[in-house]
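Next come the chains, spelled out residue by residue.
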Amino acid sequence: MTRPVKIMCAAAILLGFGAARMKFEERLTADLLRSGLLAEKPPANMRGRIGQTFSAVALGGLRTLAATFLNLRAFTAFTEHKWDEVEATYDIIVGLAPRTTYYWESGWHHMAYNAAAACFTDTSLPLYRRKDEWRTWIYKGKAFLERGIEANPDDGQLYTDLGFMLSDSNKFVAFPDPDQCLAAAAEAYRKAAQTGNAMEYVTRARFYALARVSGGEAEALAMARTLYENPRNRTPTLENLLFVLESWEQPASDATARAIRIFGNEREAYQSLSKHWVRTGERFPVYGVAKAMAELEDRLNLPADQRVSRRPLPPPPDPESWFEKGDE
């Protein structure tokens, strides 16, 4: 075999080996990407935003390492109340590591809670600015969390976080329709449970949200009865809501007998219903509670100044009243 022929044969072998290796590496890379062990390269428009050093690290396949260092930068911005920088940094972080739930959780919480609370209490701002910034950051936190759910549709924790935020009485009042927020919270909790990796309490949390939706009483009552069958679910909130919803269904029935059946005795019933009575800020319904408390107070011979049924209900949550008056 002549030298040129040997060279051509060697080249053909090398090309064949290279092609086989390329196919193997392509399959391996695809498997690693699917499993989350390898991250895709960041888009070109992100590389300029994270700087040359982080870009080099990220392009080297170490995007999670770059995200870790950027998370430290975001924490520093949080301690300095640089909220726009916090938002911008987390936007980059989740672009680098979109499957890391922790970053989505940290980002939305900083926006909807920390940034919103800081604006709420910042009396150096004009009153209208405080109100506007408070709402803006709550909305931003919600939008960021919803992006996280889109990127991780099989993650029960992010759905749970959305349900938590939308059912929080300090948050849903920032939206035009609290009923709509609570219904959305119930749906988020339902989707969390559907993933199969959510915590056990999520089903109860869905019920707590649904019970506060105007017009959702029938569905909530059916759910309350199902949950109540399992003793592990018999929290004070669930027992109170079972009483309330059964009072809604049968307003003319014996409220005191129902209370004793659910709570065990007169004193336990009165103490539990008294605590429920003042939770109007959370929009919990109170069907039959006043009637039952008045009857129980008579049975327990409580003095007039200790009778909770005679106290007026606290007003519903009103964010306008939360802000101290200041310069407009």
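The sections below set out a description of the structure shown in this document. Just so it is clear, the model here is predicted, and its values are computed rather than measured.

What about the environment of Glu282?
Alright, step 1. Relative to the assigned elements, Glu282 resides in the loop between α13 (266-277) and α14 (289-300).
Alright, step 2. By relative accessible area, Glu282 is classed as partly exposed at 26%.
Alright, step 3. Spatially, the C-alpha atoms of Glu282 and Arg212 are 8.2 Å apart, while their sequence positions differ by 70 residues.
Alright, step 4. Apart from the residues within four sequence positions on either side, Glu282 is in contact with Ser169, Phe172 and Arg212.

Observations regarding a nonpolar patch on the surface
Alright, step 1. Together, Leu62, Leu65, Phe69 and Leu72 make up a nonpolar patch on the protein surface, roughly 380 Å² of accessible area in all.
Alright, step 2. For Leu65, the position within the fold is in helix α3 (residues 63-79).
Alright, step 3. When its relative accessible area of 37% is taken as the criterion, Leu65 is described as partly exposed.

A short note on the packing of aromatic side chains
Alright, step 1. On inspection of all chains with the given rule, the structure shows nine aromatic pairs.
Alright, step 2. Taking the centre distance of 4.7 Å and the plane angle of 10° together, the rings of Tyr139 and Phe175 count as stacked. With Tyr139 in helix α6 (residues 127-151) and Phe175 in the loop between α7 (156-167) and α8 (178-194), this residue pair connects regions lying 36 residues apart in the sequence.
Alright, step 3. On the accessibility criterion, Tyr139 (37% relative accessible area) is partly exposed.
Alright, step 4. Judged by its relative accessible area of 13%, Phe175 falls in the buried class.
Alright, step 5. Ring centres 5.9 Å apart and planes at 55° place the aromatic pair Phe207 and Tyr208 in the tilted group.
Alright, step 6. What makes Phe207 buried here is its relative accessible area of 0%.
Alright, step 7. Joined through ring pairs, the aromatic side chains of Phe75, Phe78 and Trp83 make up one cluster.
Alright, step 8. Directly above the aromatic system of Trp137 lies the positively charged group of Lys140, at a separation of 4.4 Å from the ring centroid.
Alright, step 9. Cation over ring: Lys171 sits above Tyr113, and NZ or CZ is 4.2 Å from the ring centre.

Considerations on the packing of helix α11 (residues 236-249) against helix α12 (residues 255-263)
Alright, step 1. Two numbers describe how α11 lies on α12: the axes approach to 10 Å, and their chain directions differ by 150°. On the basis of the axis angle, α11 is roughly antiparallel to α12. Classified by chirality, the crossing of α12 by α11 is right-handed. Between α11 and α12, the residues in contact are Glu239, Asn240, Leu242, Phe243, Glu246 and Ser247 and Ala255, Arg258, Ala259, Arg261, Ile262 and Phe263, respectively.
Alright, step 2. Residue composition of the contact of α11 with α12, grouped by class: six nonpolar, two polar and four charged.

Reading the values: the criteria
- Residues numbered from 1 in each chain as written.
- Predicted model: local features only at pLDDT ≥ 70, side-chain atom pairs only at ≥ 80, totals over all residues.
- Heavy atoms only, no water.
- Helix = DSSP H or I, 4+ residues; strand = E, 2+ residues; numbered from the N terminus.
- Buried < 20%, exposed > 50% of the residue type's maximum accessible area, 1.4 Å probe, protein only.
- Contact = heavy atoms within 4.5 Å.
- Patch = residues over 30% accessible without salt bridge, like charges linked within 9 Å, V, L, I, M, F, W, Y side chains within 5 Å.
- Areas by Shrake-Rupley, 256 points an atom, 1.4 Å probe, with all protein chains shown as cover.
- Salt bridge = Lys/Arg side-chain N within 4 Å of Asp/Glu carboxyl O.
- Phe/Tyr/Trp six-rings, centres within 6.5 Å; stacked < 30°, edge-to-face > 60°.
- Lys NZ or Arg CZ within 6 Å of the ring centre and 35° of its normal.
- Axes fitted to C-alpha atoms, helices over the stretch in contact; angles between N-to-C directions.
- Parallel < 35°, antiparallel > 145°, perpendicular 65-115°, else oblique.
- Left-handed = near helix turned anticlockwise from the far one by under 90°.
- Nonpolar A, V, L, I, M, F, W, Y, C, P; charged D, E, K, R; others polar.

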